[in-house]
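# Structural features, examined
This is what each chain is made of:
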Amino acid sequence: MLDGLRRLIDLQRIDGELARLGAESDAVPVRRAESQRLCAASDQRVTAAREALEQAEHDRRAVEAQLADQEALIQRLQGQSSQVKTNEAYTALLHEIEHARSAISDCETRILELMDEIDAARAAIAVAEEEQREIEARAQTEESAIQARASALESELDEAREARAKIIESLEPALVRRYEAIAKTRSPAISVAADELCMGCRVRIPPQAYNDVIRGESIVSCGSCRRILIHEGLVGARSEGA
C-alpha cells in the first residue's frame, strides 16, 4: 500500500503539471489575440493620422479657393468703380471691397493654421508609422515564440499524459477511482499529515487514524476534507495541501 500511496503522489504531481500545461495551452489564443489587437490598434492610429492629413490638405485647398474667389471679387469690384454714378453706390462698392479684403485676411489666417495642422499631421504620421513598424516586428517575434511554445506544449502534454497513463495502469482501479472522485472537489486530492493534523484543512486527525497514516498500510482519508492522507515521513518532506 505504501508503494501505491507514493505512486498516487506521482499521479498528483503529474495532474498538477497537466493542469499547468493545459492552462498555458489555453492561454496561447489569448496571447495571439492580444498581439493582433496591438497591431490593429497601431494600424488604426496610422490610418487616423493619414486621414487627419488628408482632411487638413482638403481644407487648405478649399480655403485657398475661397481666397482666390475673394481676390477675383475685389478685382471685379475695383473694375466697376469707374462705372459708379452716385456717392451711395460708390460707398456700397467700397464696403463690398472691404468685406472681401476682410474675408481674404481670414482666409490667409486660416491657411496658416492649416499649414501648422498639416505639419503636425505629417509628424504624427511619422511617429505612428514608426510605432507600427516596431509593433509589427514585435508581433512577428511573438508569433514565432507562440508557435514554438505551442508545439513544445503539445509535446509536453503528450509526455505527461503518457506518464499519467502508466501510473494509472500500475494502480488498483478502486484506488484510482477514489483519488479522482476526491480530485473533482478537492485540489490537491492528497494531503500530507503531520503533528496529527491534516495539512490540507488543518483539522486534527484522530489518534488511531493518525497511527494508520504513519504505518502507511492502508488508505486513510481526512474526516473533514476527505483528502487521502500520507504521512510527511513517507514523502520525505513536509508540505501542505490546499
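Computed from a prediction, not measured in an experiment: that's the story for all the values here.

### Focus on the confidence of the model for the protein
Scored by pLDDT, the protein has a mean of 92; 97% of the residues are at 70 or more. Helix H5 (residues 232–235) is the least confidently modelled element of the protein, averaging 79 in pLDDT, while strand E2 (residues 197–198) averages 96, the highest of any element. The low-confidence segment residues 237–242 (pLDDT under 50) makes 17 contacts with residues lying over four places distant or belonging to another chain.

### Some details on the sheet that holds strand E1 (residues 190–194)
Read across the sheet, four strands follow the order E2-E1-E4-E3 without closing on themselves; strand pairing throughout is mixed. Both outer strands of the open sheet, E2 and strand E3 (220–221), are each paired with one neighbouring strand and no more. Bridge count for E1 against strand E4 (residues 228–231) is four bridges, and the pairing is parallel. Looking at E4, one finds that Val192 is bridged to Ile230.

### Some points on the pairing of E4
Where burial is concerned, the two faces of E4 agree: the one with Ile228 and Ile230 and the one with Leu229 and His231 are both buried. Here E3 pairs with E4 via two bridges, running antiparallel. When the sheet's bridge partners are listed, Val220 is paired in E4 with Leu229. Linking two consecutive strands that pair antiparallel, namely E3 and E4, is a turn of six residues; a positive phi of about 70° is found at Arg226 within it.

### Here we look at the nonpolar core
For soluble globular proteins, nonpolar side chains are generally found buried alongside one another. Leu5, Leu8, Leu11, Leu171, Tyr179, Ile190 and Ile228 are the most contacted members of the largest nonpolar core, which totals 23 residues. Elements that contribute at least two residues to this core include exactly helix H1 (2–80), helix H2 (87–170), helix H3 (173–183) and E4. For this core, the element with the most residues is H1, which contributes seven residues. When near neighbours in sequence (up to four residues on either side) are disregarded, Tyr179 contacts Leu8, Leu11, Gln12, Asp15, Arg164, Ala189, Ile190 and Ile228.

### Examining the side chain of Ser35
The topology assignment puts Ser35 in helix H1. Discounting residues that sit within four places of it in the chain, Ser35 has contacts with Ala139 and Glu142.

### Comments concerning the packing of H1 against H2
Between two packed helices, what matters for the description is the angle formed by their axes and the separation of those axes. Two elements in contact, H1 and H2, have axes whose closest approach is 5 Å; the angle formed by their N-to-C orientations is 165°. Classified by the angle between their axes, H1 and H2 sit roughly antiparallel to one another. The handedness of the crossing between H1 and H2 is left-handed.

What counts, and at which threshold
- Starting from 1, residues in each chain are numbered consecutively following that chain's sequence as written.
- Predicted model: local features are reported for residues with pLDDT of at least 70 only, side-chain atom pairs are reported and counted for 80 or more only, and whole-chain, interface and lining totals are derived from all residues.
- The basis for every side-chain value is the complete set of heavy atoms in the structure, and neither hydrogens nor water enter the calculation.
- Here pLDDT means the predictor's own confidence in every residue, given as a number from 0 to 100.
- To qualify as a helix, a DSSP run of H or I must reach at least 4 residues; to qualify as a strand, a run of E must reach at least 2; elements of each kind are numbered from the N terminus.
- Two residues qualify as a contact provided that any one of their heavy atoms is within 4.5 Å of a heavy atom in the partner residue.
- A pair of strands counts as paired when DSSP detects no fewer than two bridges linking them.
- With a 1.4 Å probe rolled over the protein chains alone, any residue whose accessible area is under 20% of its type maximum counts as buried; one over 50% counts as exposed, and the rest are partly exposed.
- Residues grouped as a nonpolar core are buried Ala, Val, Leu, Ile, Met, Phe, Trp, Tyr and Cys residues, joined through side-chain atoms within 4.5 Å.
- Angular values range over 0 to 180 degrees, each being the angle between N-to-C directions of two axes fitted as lines to C-alpha atoms, with helices fitted over their stretch in contact.
- Roughly parallel means an angle under 35 degrees; roughly antiparallel, over 145; roughly perpendicular, 65 to 115; everything else is oblique.
- By definition, turning the near helix anticlockwise from the far helix through less than a right angle yields a left-handed crossing, and turning it clockwise yields a right-handed one.

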